[in-house]
Amino acid sequence: MSLNTPDEKKRDTKEKNDIDIQQALASKEDIFQIEEEENKLDVEEDIDIQVVNELATVEDDTTLPCYTLRTFVTGIALACLSSSVYQLMVFKPVGLPLTNTFMLMIAYVFCTAWAKYLPSGGWLNPGPFNVKEHACIYVIVSAANTSAYATFILSAQNLYYNNTPSAAGSIFLLFATQTIGFGIAGQLRSFLVYPANMIWPTSLPTVSLLRTLNSDKDDARWRTRFFFIVFGCVFVYEFIPQYMMPILGGISIMCLARNDSVWVQRLFGGLAVNEGLGIFQLSFDWNYLSNLNPLVLPLWVQLNVYAGIAMLWIMAPLFYYYNVWDAQSFPFLSNSIFQLFPNGTSALYPQHEVLNKDNSLNQTALEEIGRPHFSTMFAVQYIFINFAVTASIAHIALFHGKDIWRSFGSAALKMRGHDDNKEVGNMDVHMRMMQAYREVPAWWYYTIYFGGIGLNIGIAYANNSQLPWWGVITAILMSTILSLPLNMITALTGSGFGLNVFAEMICGFILPGYPVANMYFKTLGYNTLSQAGAMASDLKIGHYLKVPPRAIFLSQMLGTTVGCIFNYIVNNSVVNSQREVLLKPEGNNIWNGSTPQTINSAAITWGAIGPLNMFGPGTRYYFILWAFVVGFVLPLPFWYLDRRFPKIGFRNVNIPMVLVGLCIVPGAATSWITVSFIIIIVSQYYIKRRHRAWFVKYNYLISTALDSGTSLMVFVIAMGLYGGASGVSHPFPKWWGNRTDLKYLDQCCANCS
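Residues numbered from 1 in each chain as written. Predicted model: local features only at pLDDT ≥ 70, side-chain atom pairs only at ≥ 80, totals over all residues. Heavy atoms only, no water.

### Some words on the packing of aromatic side chains
Enumeration over the complete set of coordinates arrives at 38 aromatic pairs. Centre to centre, the rings of tyrosine 321 and tyrosine 322 are 5.1 Å apart; their planes meet at 90 degrees, and the pair counts as edge-to-face. Take tyrosine 321 and tyrosine 322: they sit in the same class, and that class is exposed. Both rings, one in tyrosine 446 and one in phenylalanine 450, keep their centres 6.2 Å apart while their planes meet at 20 degrees; by these two values the pair is stacked. With tyrosine 446 and phenylalanine 450 both in helix H22 (residues 442-462) and four residues apart, the pair spans about one turn of that helix. (Phe/Tyr/Trp six-rings, centres within 6.5 Å; stacked < 30°, edge-to-face > 60°. Buried < 20%, exposed > 50% of the residue type's maximum accessible area, 1.4 Å probe, protein only. Helix = DSSP H or I, 4+ residues; strand = E, 2+ residues; numbered from the N terminus.)

As structure tokens, this is what we get:
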């Protein structure tokens, strides 16, 4: 398997190498041609693609090595560390993993020292540390730096079902569920990676940082210093809002003026999760402000999201005021399920009272206690989520269907052995440059995909999941079919919807009464699509930095393998040693089992009680199922208006992104909304248009520095001062900016009776 290493280059003749470079590198005329083509595009899309062309490299040295000893050593070491810490944080009261950016910085310092101090030459030190090595390390670490979704299954099976899979069954489960999505991504490269408008906006800060750190130009050296200056400043500053003065996370002038009104809290509070709508609240804490990636996502994307937020600000109070679906019987915002009493009051739903000892549904008890109820905005959120799934399909089909069809046609011609010269001529500058490298053969991806199906079927039976073979195939096929539209939405906008709720619901219909099977089905349905997106995003980073696709592929596989092993080791150790604490609803100040508790509650809700009892015919929430049908229609008016009036800009109305805004609550803090919008206008509108050169050089660096400095300080405070490491908490003294004696730190409803 070739990775275009120096040894392979030595086997190539100089003439062939020169031809490859001449064909791949874009001349000034190429770039002018690209800009002329971009001028025909929509204004917003035009600007975004131009920014990418300036941000990504248009120069390439095809002889630079990717896989060196320091790449393997550093990548594997950091993968072991990050995956272990991430899995450990799952069981902490305040779980804060090490960020990929911080890992990149460690790799940069270590590998630069390696190149400088070890004897130069040969396999030990092939020369200066380069951007392609750094990119491979990033992919290895990012693939490992997570808690594999299937670890939630392993925790729940161990804690609640006394049915712990074997070590081999556990590790193979993690590996099978983490990698099968890669096979999907490989088949969708023509749609998710190659096109110029598949930007993957959230990858741009990583590209900017990698290019900056690994350039010898004077300007790049200054930008490296600039990055570390911003990083250091925000690291020091975040000590104030994170520890000394948490009210800086969300200052509500209305709440300070009227701290005795619950309606003021509901409308203008938002520092705590599900506190309120956060209308005009002011946040000065990047930990909150980074919620929507205001420096990263394109302006048109964020305006769509804010359109949804504006509608939410109007709808939520009206629904509650007019008592839609008994809204006033439940909390204003809540993600819980409730039991509704005849007198109009409610309590948390006693789900264990409607289950038998084997976690199957007791129909008699269900009739006595009654069906579960949602808070009104939580029920409405389910409607919006279901809208989004089918609206995403319709939006991609309407606005990008022709491009997809052309890509299918080109792929068919290639399979028949036809060489389409026109296609090469229409490639963007980055795609032409990537022709210098050998692509990953399609059979590699097919092997992972079909091998993954077989492995997942075997694991489902070996681990006593109660999920039959056809259930495994159904979950994977569902994710395969929806990977193109849902991941394309993410590639275009940087945001999107997962299939977690949708998968739980589908399994509840086809396999009612099997909570463990529901967990396995959800993992295959949701995580497969998510991992396909992760692979496509990493391939795009390699595309921007001119890293051979085979190097990216093998880095993903290596990082995923290392991550699965260490995820399992840490997960198994903690669950077995802290079993009693993890089973307690509140845990303690060192360990907390909220994650396996949540996954088990969802499995019981959807798998045992089942969606028919919650959304079936005759139930209050029956329309939630009809939302799937309605979602197909939502993009149609704007598609029609765009065809009739193409110059007005209806093409920029993105219904899935509007629905993202409508779904921000319940389940999140909202104090960031106002200040984040100001940042968006300054960065994505003013600076991007008026000072584009500055924007390209510094905007994404600032975003990365703010993210990494903030996350590191949050991690340090959580571990050192809030008892994350020792279990002993050292809170800051109570004062006006740190009213820990109140229910809400922003002092909303401080004097409510």
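Additional details are given in the paragraphs that follow.
### Remarks on helix H7 (residues 131-144)
With 14 residues, H7 extends 20 Å from end C-alpha to end C-alpha; this agrees with the ideal 20 Å at 1.5 Å per step. Judged by how many residues are buried, H7 sits mostly within the fold: 14 of 14 residues are covered. Structurally, the start of H7 carries an N-cap: the backbone nitrogen of lysine 132 is 2.8 Å from a side-chain oxygen of asparagine 130. (Expected span 1.5 Å × (residues − 1). Polar contact = N/O pair within 3.5 Å; in protein donor to acceptor, adjacent residues only side chain to side chain.)

### Looking at the environment of alanine 135
Secondary-structure assignment places alanine 135 in helix H7. Since its relative accessible area comes to 1%, alanine 135 is described here as buried. Considering only alpha carbons, one finds alanine 135 and alanine 551, 416 residues apart in sequence, at a separation of 9.6 Å. Apart from residues lying up to four places away in sequence, alanine 135 is in contact with Leu210, Leu545 and Val547. (Contact = heavy atoms within 4.5 Å.)

### A few points about the pattern of salt bridges
Pairing is possible between side chains of opposite charge, provided their charged atoms come close. One pass over the full model with this rule turns up nine salt bridges. Salt-bridge contacts for aspartate 260 lead to arginine 258; the nearest nitrogen and oxygen are separated by 3.1 Å. Aspartate 260 gets classed as partly exposed once you look at its relative accessible area, which sits at 43%. Among the ionic contacts, a cluster of salt bridges with common partners joins Lys734, Arg739 and Asp741. (Salt bridge = Lys/Arg side-chain N within 4 Å of Asp/Glu carboxyl O.)

### A few points about the packing of helix H8 (residues 150-160) against helix H25 (residues 515-545)
At a minimum axis separation of 9 Å, H8 and H25 run at an interaxial angle of 170 degrees. Considering their axes alone, H8 and H25 lie roughly antiparallel with respect to each other. Contacts from Ala150, Ile153, Ala156 and Gln157 in H8 reach Val516, Met519, Tyr520 and Thr523 in H25. Here the residues of the contact of H8 with H25 are counted per class, giving six nonpolar, two polar and no charged. (Axes fitted to C-alpha atoms, helices over the stretch in contact; angles between N-to-C directions. Parallel < 35°, antiparallel > 145°, perpendicular 65-115°, else oblique. Nonpolar A, V, L, I, M, F, W, Y, C, P; charged D, E, K, R; others polar.)

### Looking at the packing of helix H33 (residues 673-690) against helix H34 (residues 692-720)
Packing of H33 against H34 leaves a shortest axis separation of 5 Å and a crossing angle of 120 degrees. Compared by their axis directions, H33 and H34 come out oblique. Between H33, through Ser683, Gln684, Ile687, Lys688 and Arg690, and H34, the contact on the second element is made entirely by Arg692, Trp694, Phe695 and Asn699.

So yeah, pure geometry; function would need other evidence.
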